[in-house]
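Structural overview
If you want the building blocks of each chain, they are given just below.
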There are 2 protein chains.
Amino acid sequence: MFKILVVEDDRDLNRTVCTYLNKNGFEAVGCLSANEAYDTMYGDLFDLIISDIMMPGIDGFAFAETVRSLDQEIPILFMTAKDDFASKQRGYRLGIDDYLVKPVELEELLLKIGALLRRARINSAKQITVGHFSMNADERTAVLNGEEIPLTVREFNLLYKLLSYPKKTFTRSALMEEFWDVDSNSGLRTVDVYMRKLREKLQDCEDFEIVTVHGLGYKAVLK
Amino acid sequence: MFKILVVEDDRDLNRTVCTYLNKNGFEAVGCLSANEAYDTMYGDLFDLIISDIMMPGIDGFAFAETVRSLDQEIPILFMTAKDDFASKQRGYRLGIDDYLVKPVELEELLLKIGALLRRARINSAKQITVGHFSMNADERTAVLNGEEIPLTVREFNLLYKLLSYPKKTFTRSALMEEFWDVDSNSGLRTVDVYMRKLREKLQDCEDFEIVTVHGLGYKAVLK
DNA sequence: TCCAGGAGTTCACAGAAAATTTACAAATAG
DNA sequence: CTATTTGTAAATTTTCTGTGAACTCCTGGA
């Protein structure tokens, strides 16, 4: 489920957009100001940001600039009444991804969100299939040669991540950061132990393997 | 220099767009039909595609679908007179990235191109290719003539650095500073040993070589 | 509440891989 | 020709990984 942050000081519009997005399979959170958005983002990770420009306090430009400086990747979409070229140019220069002029057609907003999420390469696939092996993120199941392989939560997360980006090398610390609590000071050996468990459970899999990248970490390689 | 393919059957508009893009730092190539575009793409690599929808012969939808099936990454931008929601939806479903309704403001087109190229570049694998040799920083792999060459972390880092700035000479101390711990008191011979190892592993490479700059250091030189 | 069992983590150490040093030969500049 | 720099193989040291086992933590059921 993708999380979308909606920053818009007009309460009605904010609610309208959020409701519409929620009805269409997203998890939308509304904020009425940039400051509120900062707080919200602090406690939660979002996949996309929709922001107004003209808002009391910090405006959309400053907000986008700050967000971009912290995160190069997250798609930012301006939704504003300002239809002048200078504003558009300023927005795009700050690194926004799209610019919608109010009144916004919600259906079109949905299309643009879809395109941006796809382009941002956020993994939307709930199902990963590699030869005779497949994983389903909703059901949290892994099936090899028609037989289900029981995986614990951590095992599932790790394998799912590796297979989402086959060939890409992940460092231990990157994996730890993603799947372990920040303050959990688990030793770096922990990841190794999980890789070992996965390899053991996947020893009959002939479609891919978990490869050690000496000095760095691990990657999944399709055979 | 980014290459942009413009597929538009209206000769005047095609020329206008291409000329404008060329004036603004791009290398634009115009095609009057999808078939012509296929031929053009066959012989050249493009960074972005701008396409009309209504064209004689193969239309923009079919064209986009074919392109997407061959290349998941290249940004595709529709530039069309069709302003109905169904067409937009169909386009986005095929995997296009943006949809501009004619008449198109060229300045705005430029902004959108910039945003799409930036986004595509963020996601593009950090890859270096020199003739029949290539390195991929995400995968940490080096491939020569279709065969993977195993490189250790240090070897990879050094070679990647040299090839990132071909012809530029790197002193031993500069390389040491970048890839070794500050407090690592490795002898100066160390770099030499790595260069030798790289040369050995790359002895079949006919596209570049590691050259000693006597009294200074090393550099990669394309043949 | 206590217990059982699974999940998660830590640890130690052998074996593997990589990094570094060393010593000397070869090449180069002046 | 000499002083300096570089190439190279081999020896040595360091670091990293695989692995089994022990330990801790959590959760659900009796």
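Rules and cut-offs
- Residues numbered from 1 in each chain as written.
- Chains lettered and ligands numbered in written order.
- Predicted model: local features only at pLDDT ≥ 70, side-chain atom pairs only at ≥ 80, totals over all residues.
- Heavy atoms only, no water.
- Helix = DSSP H or I, 4+ residues; strand = E, 2+ residues; numbered from the N terminus.
- Contact = heavy atoms within 4.5 Å.
- Buried area = accessible area lost by both parts, 1.4 Å probe.
- Salt bridge = Lys/Arg side-chain N within 4 Å of Asp/Glu carboxyl O.
- Nonpolar A, V, L, I, M, F, W, Y, C, P; charged D, E, K, R; others polar.
- Phe/Tyr/Trp six-rings, centres within 6.5 Å; stacked < 30°, edge-to-face > 60°.
- Buried < 20%, exposed > 50% of the residue type's maximum accessible area, 1.4 Å probe, protein only.
- Axes fitted to C-alpha atoms, helices over the stretch in contact; angles between N-to-C directions.
- Parallel < 35°, antiparallel > 145°, perpendicular 65-115°, else oblique.
- Left-handed = near helix turned anticlockwise from the far one by under 90°.

1. Brief notes about the environment of I49(A)
Residues and elements named next belong to chain A.
- Looking at the element boundaries, I49 is found in strand β3 (residues 48-51).
- Placed 28 residues apart in sequence, I49 and L77 show a C-alpha to C-alpha distance of 6.1 Å.
- Discounting residues that sit within four places of it in the chain, I49 has contacts with L5, V7, M41, F63, V67, I74, P75, I76 and L77.

2. Some points on the interface of chain A and chain B
- Counting from both sides, the interface comprises 29 residues of chain A and, opposite them, 28 residues of chain B.
- Buried surface at the junction of chain A and chain B, both sides included, amounts to about 2,600 Å², of which 49% is carbon and sulfur.
- The tally of links between chain A and chain B comes to 8 salt bridges.
- A salt bridge links R118(B) to D97(A); its shortest N-O distance comes to 3.5 Å.
- Among the secondary structure elements, those contributing two or more residues to the side of chain A that touches chain B are α4 (85-94) and α5 (106-119) of chain A.
- Considered class by class, the residues forming the side of chain A that touches chain B number 9 nonpolar, 6 polar and 14 charged.

3. Concerning the packing of aromatic side chains
Residues and elements named next belong to chain A.
- For the coordinates displayed, the defined rule picks out 15 aromatic pairs over all chains.
- When the ring of Y38 is compared with that of F63, the centres are 5.5 Å apart and the planes differ by 50 degrees; the resulting orientation is tilted. Of this pair, Y38 sits in helix α2 (residues 34-43) while F63 sits in helix α3 (residues 60-70), placing them 25 residues apart in sequence.
- Taking 5.9 Å as the distance between ring centres and 70 degrees as the angle between the ring planes, the aromatic pair formed by W180 and Y194 counts as edge-to-face. Taken as a pair, W180 in the loop between α7 (172-179) and α8 (189-201) and Y194 in helix α8 lie far apart in primary sequence, 14 residues in all. Side by side, W180 and Y194 carry an identical accessibility label, which is buried.
- Taken together through their ring pairs, the aromatic side chains of F61, F78 and Y99 make up a single cluster.

4. Brief notes about the packing of α4(A) against helix α5 (residues 106-123) of chain B
- Closest axis-to-axis distance for the α4(A)/α5(B) pair is 10 Å, and the angle between their directions is 15 degrees. Of the possible angle classes, the one that applies to α4(A) and α5(B) is roughly parallel. The two elements α4(A) and α5(B) cross, and the hand of that crossing is left-handed. Two secondary-structure elements touch here, α4(A) through F85(A), K88(A), Q89(A) and Y92(A) and α5(B) through E107(B), E108(B), L111(B), K112(B) and A115(B).
- Split by residue class, the contact of α4(A) with α5(B) holds 4 nonpolar, 1 polar and 4 charged.

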